[in-house]
Structure formats: C-alpha cells, structure tokens
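Results of the structural survey
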Amino acid sequence: MSQAPLFSSAGELANLVVTSNLIDVAWANIPEIQRGQAAFPCSVQPMVYRPTPNRTILVFASSPNCTQYPLPEGGDLVQSSLFQFLCPKECPSVSINRASLDLFISLQSQLPGLKTELSEWEGQLIITGYSLGGSVAALFTFYLLDSMDKKSKCRPICITFGSPLIGDFGLQHSQWNSFFLHVVSNKDPVPGLFLPSGRSPPTSSHSQTSVYKPFGTYLLCSEHGCACFDDPDLILKFLTVASSEVAEGLQLVVDYGEILRNLKYRAICKGAQLASERFAYPFSDGIVMELKTIGIDPAEQKIDTKRMEAEARTLAKETKASEAKKLNDRKKAMAQLEWYKKKAEYEKKGYYDCFRNEENSRQRNVKLFMEELTAYWEEMVAEAERKPQKERTSFRTGWLFAGTTYRRMVEPLDIAEFYKDKDSGRDYINNKRSQHYKLLEQWYEEAAKPRTREDLDSKKKKVSVLLTEDSCFWAHVEEAILSCESLRNANSTTPEQRESSWNNLVRFGEYVMKQIDNCAVSPDIFWSGSSFMTWWGEYEAYIDNFRNFYSSRLVEYMKGGGYKQYG
Amino acid sequence: MEETVENLIIGLNDGVISPAASLAMEAHNSPSKLFLVKKIRHLSVVVLAFRGSMLPNDWFGQRGHSPFGETKIDTGKFPSVRSLNDGGDAVVNGSFLWRFNDVLDKLSHAKELKKAIEKKRQVVFAGYSSGGPIAILATLYFLENQTFSPRCLTFGSPLVGDRIFSHALRREGWSDYFTHFVMKYDIIPRIMLSPSSTEHEQILNYFKSKLDRKNINPAPPSGFYLTVMGNASSVASYEACHLMGCRNPSLDIIKSFIELSPYRPSGTYVFCTGNGNLVVVKNPNAVLQILIHCAELGESDAAEVEKRSLDEHSAYPNELKDSLGGMKAVVYLDVDPANDLGLSPQAMLCLQAAEEFENRRSRNLENIRTDRNYKEKIEDQLEKQRKYKENAQISRLGYYDSFKLQKEDADFHANVSRLELAEIWDEIKEMLKEFELPDDFEKKPEFIKLGTIYRRLVEPLDIANFYRHSKDKETGAYVISRGARPKRYRFIQCWLEHHEKKLFGSRSESLFWADVEQLGIDIEKKGYLQEIKDRIHQLERNLIACIGDRSLDDDVLLENSTFVKWWRALPLEYKSQSDRIDNLIREKAAGV
C-alpha cells in the first residue's frame, strides 16, 4: 500500500507568525530604545512595557556597540552552574556563550525582583531583544520558567531578533524550547558568528565554538519570504551560509522592522510563478520550495529531505487516538495481573509465592504481561529522566500513581524470579534491582504527603485489599531466609558470617514490625505456606533452640498470634 | 467537467440563479422592505431575497465582547447546530443572528411563503452581501423545523458561523442546500476573517454611501487590503498548519498569543473567475484556502487589486449572467491548477493538504468498518458480553452483581472484554474530537445502533468497576462528576438523543446502576432527607419507564440483585411505586 502523502508546514507556520502582529509587537519598542542608548560601554538594560491590560513586554536593550560588535572576546562557551537546571540526563553540564552570560550576570541586582514581579503577572508576557539583547532575553526566559510553577497564570514567549547562538547541546533538550522563537535574516551575520565557518573573531578558539547548537523554533527570512524550522541541522546550515555570505557583514546593521514589513507584504502575494500542476511529492517538493525561498539551495547544502520526511512520518503516527490506545493496553495487562493475584488468593496462596512456586502456562502468560508493562514503564521513566529537573516533576506527577501500582504489582514477580534461580546469588536490591523501579520509588517518596492518623484508620479497614507497599518486601524476606540458613549451617559458616546474619535478622524483625504497624503489608504474607511464614518457622526454631532468651516485638507479635487479627 | 451549476445544487431547477442574483441585489437596494418575493412561474420556484445593511453596527454590533462580534447560536431555534462531542454549541456572528431574529416573525407569517409551501413550490432564500447571512440562517431554521427544505443562494455574503457550524451542517447533510457565489477579489466574503477595525468601517461606509446615492461616486477607501487580507491570511495559515500535520510544539504557544477569527466557510462555494468560468468547491477547508489564496496580489499592483476588491462586490448579476447565459459554464470540481483562479504553488500545496485531510477521514471510516480490529472486534466482544450476561442470569444474581464480585473466571474475562471495548471506543472518541472522521459519522445509524448496544450492555460494568474500587471517594459520584463517567458513553448517548430528537440527558438508562449505588452511599452518609426521597421517586419512575421500553434489561429485578435488596430495605414511606415494582420483581421471579 502506498503511504499517505505528508506535507511540510514550515512556510505556513512562518506565514502565521508574520501575518499575526505578534512579532511586530515584540519589535515595536526596540529601534527607539536602541537609539536612546549610549554607544559605550557594552551593556544590556531590561525595560518593561504594558501596551494593553493583558500584555507585558520585557525588552532587553543592548547598547549599539554591543549590537554591532557583539563579541570583542566573548565567543567561547563557559560552563555555568546558574543554568545547571537545564541539564538533560545524558549531559553533565550546560555551557553558555561568555558574552551573553557576562551580560546576564551584570544584571544580577535587578533580575530577582523582575522575576518575582513577572511570575505573578497574569497574562501574556513577551520577552524580547535584538542581537546580544536577545541572548540575554533568552537566558532570562529560562531563569523565569525555572521558577514558575504550574499554577502561574503568566504565559511567556521569548522572541529574539538576530541573536547569536547562546549555548551547547545542554540547551537543546528542554521542553521549554517551544517558548522560543528566533527571527533571523539571511543578511545577518551575527547569529552564525560563532560557527566554525562563520566570521569568528580570531581570539576565540575554534575547538570551543564548534559545539554551539540552536534550540527552539527559528523564523528564517530572506527578501523573498520566510519559513519556520526547528530542525537543528537545517538551522545551523542557514546560519553558516548567512554569516559566510555576507561580505564585510559585521558593519551592517540589519533592520528587522523593514524585513518584517516586506514579509507581511509577501505573505499575501502570489509570487512570480503560478501553480501549473499538482505536486507528486508534496513533502519534498514543499520543503525544497521553502528552502529556496529563504535562500538555501537544498542540493548544495546537502539537506536530507528524506530524513526529515521520515521523522515527520514517525511524528504523524503519534496521535491522541494512538495515545489512548497505549493507555488502554496497559490497563488490560494490569487487569491480567490483578486477576492472577485474585486467583492465587482464592486458592489461598499469596501472590508472590504462587508465582515463585509455579511453573505452568498461567505463569508463563503472566510473564508476558510483565514484560509488556516493564517495557512501557522503562520507556516512560527514561523519557522523564531525559527532561531537565524542573520539568521532570510536572511530567511525572500525572502518572506516578499508576506507576506505583505497577511497581507494587510487578517488582515482587521480578524478585521471585531472581531468588528462584539458585545461580542468581544474593542481594537483589543492590545487585539486580532495575533503575526504573528505584526512580519510581524515589519519585513516589518525594511526592507522597505525610500520613495522618485518619489515613491509617481508614487503611486499617481495607487492609485485605491492600498491595504490599514496599515493592522490595519479598527481597527482604528472601534475604532473611538465607540468613537463617547461614545460622543453621554453623559448620560451613564463620562466626563473623553468623554474627552478620543475626544482625540482619534483628534488623529485618524491626523492619517487618514497622510495616505491620503502618498497615503497609498485604495480609497474604501471613498465609500458611508463604515465604514469610516459612522464614518465621525457621527463625522461631532457631531462637527456641539457640537464643532462648531473645525476644523482640515481632517475636511477641508472631508468637502471640497477633498476626491472625491482621486484616 | 462541464455541467450547469444548478445540476450541482441538489434539487435546484435550471435557470434560478441569475434571477435570484438580480432579486438579491434589488432587495439590498430596497431599504423599506425586509425581503422581496418573486415567483418564477414557469420553473415553479419562489425566491425570497433579504435586505442587507451596511451599518457597521449591523456587522459587529456585539463588538464589546470580542473584535469578531461572535456569539453562541440559539440552540432553541437551531438544536442541531452544535458538536455532539466536546466541541459545544456553534458560534455565529451576533449581529447577523439578531437581524435574523428580527425578520423571522414576519417571514414565518408571509403569505407568499405559506402559499409556496402549500403548493409545494421550491423555495429559495437568497441574499446579497449582508443579506446573505439572513438567507443562510432562515434556510437553516426551516431545515431544522423540517416543514420544508428550502435552498439558499448567496452572493458576496460575509461568513456567518465557525467550524462547528460548518461541521454540523455537513453532519446533518444540509451542506448541499447552501450555495455561495464569490467573486475572485470581492473583499466582503473575506472581511469576517479580520477583526473589526477602522478599515472595516471605511469599507462599509463606502458601500453605504454608494447605496444611499447621495453621493453618486464616493471616493473608495485605500490601504485596507493589506490589513484585512493579512489577518485573513493568518487564519488560512493556521488552518493549513493543521491540515499539513504541523508538529512544531511552538504552534500552540504562538496561537495563544494571537486572536484569530472564529469564522469558517460552510456549504458549497462557487468561485467566479471573472472570465465566465466557475469553480465549485465543497470541501470547506479547501474553500477557506481558495478564499485567501485566489485574492492574493499578483503581478498587478496592490492599489488596482484593492479597487477591484470593492468593485467586484457589485458585479454579481453581470458576472452570473455571463457565466450562466448561453454557453454552459466550465465548472471545476476538483482542485485543478488550470481552473483560472491563478493559484500559487504554495496555495496548491494547501489545497492538496485539504484534499488529503478529507481522504484520510474517509480512510479512517473505511478502516473502522472493515479492519478486523474495529467494528468486527466490537461485535465479537459484544457477543461475549451478551453470553456473559445470559449466564449470569442463570445464577439469579445478574451480571452487574457478579461482575462486581469478580469471583469467577467469566467475570474476569468480561473485565478484559470491557477493556478491549473501551480501547476501541476511546480511539474513536479521540478521532471524533480531532475531526479525524467524516462529519456525518455520529449520524450514521450503524454506529448509533452499535454504540447504544455497547452503552447499555457494558456501561453497567464500568459502573460496577467504579464502585467496586470506591472511586467515588477520589472523583465524586459517577453520574455527576466530570472526571468519573467515561466520555465515550456520554458521546454515544448524545448521538442517540440527537438522532431521536430528544432532550439531552433523557437517554441515560445506562446510568441506572450508578443512581442506585450513589443513593445507597448518600443515604448512609446523610440519612433520609427530602432530597433523597425525590431521587428515589425519580429512580422508580425511570426503572418502570426503562423496563417498559426495554432500554434497561430486567435482570436488575432478580431477587438477589443489589437493587432489589436495597429497594426492599427502604422504608415504605420513601417509595412511591411500591406495588408496581414489587409486581415487576415477582413477574421476573416467576418468569425465570
């Protein structure tokens, strides 16, 4: 079957941006401020405007010197702890352009107050700037976004004009990138200044400058029209071409006001050629047209439209409907596991031990559902991990509840598999536990509210349907059984080993009692034949024989039959 | 393809368009009458043409609320003009709606109209310029009332309604009753895509002074074209982004900073190219793109186009006489670059995207019908549920209660089947919300029927699952709280209610169990209050009615069901239908 045609919307998105008055509003005050600034020294000043009751504009105005010669020697990248919060998982640090960072830091006395004021603002906020002013605007936008919480009614967007690239790979992965729109003309050498083939000043080292990366959406303009792209490779190529093609460009001041006026006019023009036939390959034909409009020759620049089309096709498959389907698939797998648990209970077997001792088709089926769920959750956790710190929190709260139920249902089965296999060795928690369980648990702990007495009371009433809260509970039980064994086999163990095993058992006793006090374990642990009761049998025999005088709260609880009233 | 335009308009007699255009112009020039009537005897047609107005207030009178003067449509008069899922009621221009209401009374009592209906003559509502919206709303009004099926012809009419308006017209199959003629550069059909502004007033004032004839040749305004078309172009680009499947995450952020016109074209459009050829377009997304792109500036200079955009608004009678008289007009149905509209390559891409979007919707429907994972799977699963229900009856408990207990293998399999069904219906629900299925999907009897069977059979299981896990403590009652009842059921219920022309919420028989459960919980919590008593009485009435029309299965009456046990335990003074329900229970017991 032939595939459905795809389209490139870069031209239409650009047209939307240009014909709406959004960027005109962002640009409106810049020329005037620019004129009013003293040429020296190189500095940036924040200025706030409120043209309509629900719209605030924050302009970072750079002095003319700063705009035209943006980097006497500030072209290198420096690591900055200030923007560490943007770091994705796979990248240890974020590096920022020195010139922009220095200007940002020079405003340290004003920024906190500005940030507090603006994060309380209820309405649209346009943060903007020209050249280095735009770079500082972008840094400030990150700084502001980091401090805003979900409830904030402030809706920011950052629009820069002809700003140089400000950072490396570390900046590229934030979900906040959708808040950035960078306007760049093909006549403007400044944005691509730090790129290797660009006109970098000789003082800056090339090894440093080659790692600059664009982030967010770029409105790329020429005198013939414009297009909006967020593909980093393509943007880099455009910037490189622009900065190398402009002869003696550093003296040239690009008038974005004039560019915008021209683009607005172009937006309602037909262009020189009329359509003569339908397009056979709308995506590649469209993108080639868009690239030519902004002055890029796709063949010469080796633009891989096939790759772009393949990426677009992958994205096109992720619809709301397919998301709904994934969610329901997960629910089905969970229903299967719940049913397995319930069946085990009807047979008076605990969920854990049933799975541990069984070897049949039912158990094999459960393994399939386990695998499906694990694959899903590993992906979700990895995705959350990739995001910068701040976003991680909001990204995951939505599904943390479901993730916790998953962890409590599935991890015990992983533990059972581990201890069933005699070759696995010992200590599941430290040797085998999957990272995604650790993170799910850690995030749950961070998000969990402190418990009240009423919570505990209502929990007591429904203990019979509870899942054991600590998903590693059974790993502790298995270790305790192994400790008992080591004590019993006095011949093959050293006194130190036995001492350590005994200490383990004492700690385990305290741990279990705490779980019981908090109603945090399922009553099925007390069913006869469960691993826990097996442990208790061995443990009781050991203390009866060898530690007759030892007692603990758990020993009393178990001997006194208190557990029979649990649940 | 060569055809007469009349042929393309369902049921319109040949030769009506040209006289209708002339009458519409005449009505526009007759300020003393709300509408003019003309009988075209030899065609057995009666045309009613409405007067327009060029007062800015009659276009953007509701400006205080929004620069586009929009308002929710009056669903009392137009019950179908809304979304059957989450989209809400359609939005229309408030001033046009107000002017229509002003005309409606006189129109309904017009003896010419009554006579035409009596004699089964074809009625055509026509309107030129702002008379167009009145003709559109009048046509819609009578289509809703089903008294007769008028046709609507407009000439240079401004846009009236939003996307939901257009969607509803297509869903109801009314789209073909509306035909709008638009000259290539006429500014008026585009004007509503731009917010009300001084440019608008200039344009309207110009036409008004032409109309008043006080000033034979008023000076045309200038400089408005760039503003109006720029704003209109924003709307077209925004829609094109969607048609083209734009996945740039900045789109949503950018959109939140921009105020776009809510208005969209609906019905069939006929574009007059100016050289006698006509282009007929039925896909509303394509219409919007053509509206903008064919009026773009070409080689000729902007001032000339601007002047044309005013002049062409008055050119309809002549243009149509040329196009329709004598030789048959060339009519293009497909998007064809040779159609004389002179479109740019970018416009061509937009039209191809609009066409592909429509194709995709049809493919999605076809897929649901024929792919084993959709309709066929729904039917298989429903069959399983039916068997489950039958078997549960034998145990004298009913499937609601045995499902709630989740004791047997069968209960578990029913649960998995419930989730399988939820998956498919949720997917369909999402597709509908995103307009990824044909507009008339929710009107198709096959899906209304399938959905209703599903809702009645399976929603009780969702309710059982909800109360089994005490989810009411987290989200609130199943029926009342928004997050609780799955939307798929609400939508499907809405389809049926709309189909049967019943009030919303009147077909909630599948919620019976939720009412029972919630009453039980509320009585435990609050005790017996008057409010509880009223709810019990309502429940009893619902039960009797639903058992009566078989929309609720009588296994709720089984001796051991939650309902019977609960109802029996109620104090007698709280029941109003004690004897009848007792009887029903006894009959059920005897019958099994």
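These numbers come from a predicted model, not from an experiment. (Residues numbered from 1 in each chain as written. Chains lettered and ligands numbered in written order. Predicted model: local features only at pLDDT ≥ 70, side-chain atom pairs only at ≥ 80, totals over all residues. Heavy atoms only, no water.)

Digging into the overall build of chain A
Scanning chain A from N- to C-terminus turns up 23 helices and nine strands. In chain A, which comprises 567 residues, the share counted as buried stands at 54%. In chain A, the proportion of contacts linking residues at least 24 apart, taken out of those at least 6 apart, comes to 75%. (Helix = DSSP H or I, 4+ residues; strand = E, 2+ residues; numbered from the N terminus. Buried < 20%, exposed > 50% of the residue type's maximum accessible area, 1.4 Å probe, protein only. Contact = heavy atoms within 4.5 Å.)

Describing the overall build of chain B
In terms of regular secondary structure, chain B is built from 25 helices and 10 strands. Taken over the C-alpha atoms alone, chain B extends approximately 85 × 55 × 45 Å along its principal axes. Counting all 592 residues of chain B, 60% fall into the buried class. Within chain B, counting contacts between residues at least 6 apart in sequence, those at least 24 apart form 74% of the total. For chain B, the accessible area works out to roughly 23,600 Å², and carbon and sulfur atoms hold 48% of it. (Areas by Shrake-Rupley, 256 points an atom, 1.4 Å probe, with all protein chains shown as cover.)

Observations concerning helix α9 (residues 232-245) of chain A
Residues and elements named next belong to chain A. With 14 residues, α9 should reach 20 Å at 1.5 Å per residue; the first-to-last C-alpha distance of 20 Å fits that figure. Within the span of α9, buried status applies to L234, I235, L236, F238, L239, V241, A242 and S243. Those residues of α9 hidden inside the fold are in contact with β7 (180-185), β8 (217-222), β9 (225-229), α11 (282-293) and α12 (305-317). (Expected span 1.5 Å × (residues − 1).)

A word on the confidence of the model for chain B
On average, residues of chain B score 89 in pLDDT, and 94% of them reach the 70 mark or higher. Mean pLDDT per element in chain B: strand β10 (residues 331-332) of chain B is the minimum at 60, and helix α7 (residues 163-171) of chain B is the maximum at 97. (pLDDT = per-residue confidence, 0-100.)

A closer look at the nonpolar core
Ranked by internal contacts, the top residues of the largest apolar core, which has 205 residues, are A:F83, A:F140, A:F161, A:L219, B:F125 and B:F155. With 11 residues, the single largest contributor to this core is helix α10 (residues 224-243) of chain B. Residues in contact with B:F155, not counting those within four places in the same chain, are B:I17, B:A20, B:A21, B:A24, B:A126, B:G127, B:Y128, B:S129, B:F181, B:Y316 and B:L320. (Core = buried A, V, L, I, M, F, W, Y, C linked by side-chain atoms within 4.5 Å.)

What to know about the sheet that holds strand β2 (residues 55-62) of chain A
Residue and element names in this part refer to chain A. Overall, mixed pairing links the seven strands, which are arranged β1-β2-β5-β6-β7-β8-β9 in an open sheet. Here the strands that pair on one side only, and so sit at the sheet edges, are β1 (44-52) and β9. Direction aside, neighbouring strands of the sheet carry axes that sit 20° apart on average. (Pairing = 2+ DSSP bridges. Axes fitted to C-alpha atoms, helices over the stretch in contact; angles between N-to-C directions.)

With respect to unusual backbone geometry
With a phi close to 60°, A:D427 is a non-glycine residue in the positive phi region. If you check the backbone angles, B:S129 has positive phi at about 55° while not being a glycine. If you trace the backbone, B:S129 turns up in the loop between β5 (122-128) and α6 (131-145).

A few points about the confidence of the model for chain A
For any part of a model where pLDDT is low, the fine detail of the predicted coordinates should not be relied upon. Taken residue by residue, chain A gives an average pLDDT of 85. The fraction at 70 or more is 89%. Scored below 50 in pLDDT, residues 198-209 of chain A makes 22 contacts in the model with residues more than four places away or belonging to other chains.

Brief notes about helix α25 (residues 578-591) of chain B
Residues and elements named next belong to chain B. When the terminal C-alpha atoms of α25 are compared, their 20 Å separation across 14 residues agrees well with the 20 Å that a helix rising 1.5 Å per residue should span. Of all the positions in α25, only S578, I581, L584, I585 and K588 are classed as buried. Looking down the long axis of α25, one finds its buried residues gathered within 135° of arc, a one-sided arrangement. In α25, the exposed residues that point more than 90 degrees away from the buried face are D579, R580, R586, E587, A590 and G591. The elements touched by buried residues of α25 are α16 (375-394), α23 (530-548) and α24 (562-569). (Arc of directions from axis to C-beta.)

Notes on the packing of aromatic side chains
For the structure on display, the rule yields 65 aromatic pairs over all chains. Taking 5.6 Å as the distance between ring centres and 70° as the angle between the ring planes, the aromatic pair formed by A:F418 and A:Y428 counts as edge-to-face. Taken together, the positions of A:F418 in helix α16 (residues 389-420) and A:Y428 in helix α17 (residues 428-431) put the pair 10 residues apart, joining distant regions of the chain. In this structure A:Y428 comes out as buried when scored by relative accessible area, which is 3%. Between B:Y400 and B:W513 the ring centres are 4.0 Å apart and the planes differ by 0°, which places this aromatic pair in the stacked class. Here B:W513 lies in helix α22 (residues 512-526) and B:Y400 lies in helix α17 (residues 399-405), a separation of 113 residues in the sequence. (Phe/Tyr/Trp six-rings, centres within 6.5 Å; stacked < 30°, edge-to-face > 60°.)

Some remarks on the interface of chain A and chain B
Taken residue by residue, the interface counts 61 residues in chain A and 68 residues in chain B. Between chain A and chain B, the buried area comes to about 5,600 Å², and carbon and sulfur atoms account for 61% of it. The largest contributions to the chain A side of the interface with chain B come from A:F7, A:I268 and A:K270, which together make up 15% of the buried area. Where chain A touches chain B, the interface holds five salt bridges. Close ionic contact of B:E355 with A:R278 constitutes a salt bridge, the shortest N to O distance being 2.5 Å. Inspection of the chain A/chain B interface yields 27 residue pairs in polar contact (both at pLDDT 80 or more). Going through the elements one at a time, α1 (10-19), β5 (123-130), β6 (154-161), α10 (256-267), α11, α12 and α13 (320-346) of chain A are the ones with two or more residues in the side of chain A that touches chain B. Of all the elements, α13(A) adds the most residues to the side of chain A that touches chain B, at 14 residues. (Buried area = accessible area lost by both parts, 1.4 Å probe. Salt bridge = Lys/Arg side-chain N within 4 Å of Asp/Glu carboxyl O. Polar contact = N/O pair within 3.5 Å; in protein donor to acceptor, adjacent residues only side chain to side chain.)

As for the pattern of salt bridges
Close approach of charged atoms allows side chains with opposite charge to pair. As enumerated under the stated definition, the model contains 66 salt bridges over all chains in all. Its salt-bridge partner being A:R261, residue A:E258 comes within 3.1 Å of it at the nearest N-O pair. In this pair, A:E258 and A:R261 are both assigned in helix α10, three residues apart and thus about one turn of the helix distant. The exposure class assigned to A:E258 is partly exposed, which follows from its relative accessible area of 41%. For A:R261, a relative accessible area of 53% gives the class exposed. Within the structure, one salt-bridge network assembled from shared partners comprises B:R455, B:R456, B:E500, B:K502, B:R507, B:E509 and B:D549.

Examining the packing of helix α19 (residues 445-468) of chain B against α22(B)
Residues and elements named next belong to chain B. The geometry of α19 relative to α22 is characterised by a closest axis approach of 9 Å and an angle of 25° between their N-to-C directions. Here α22 runs roughly parallel to α19, going by the angle between their axes. Facing P460, I463 and Y467 of α19, the residues of α22 in contact are W513, A514, E517, Q518 and I521. Considered class by class, the residues forming the contact of α19 with α22 number six nonpolar, one polar and one charged. (Parallel < 35°, antiparallel > 145°, perpendicular 65-115°, else oblique. Nonpolar A, V, L, I, M, F, W, Y, C, P; charged D, E, K, R; others polar.)

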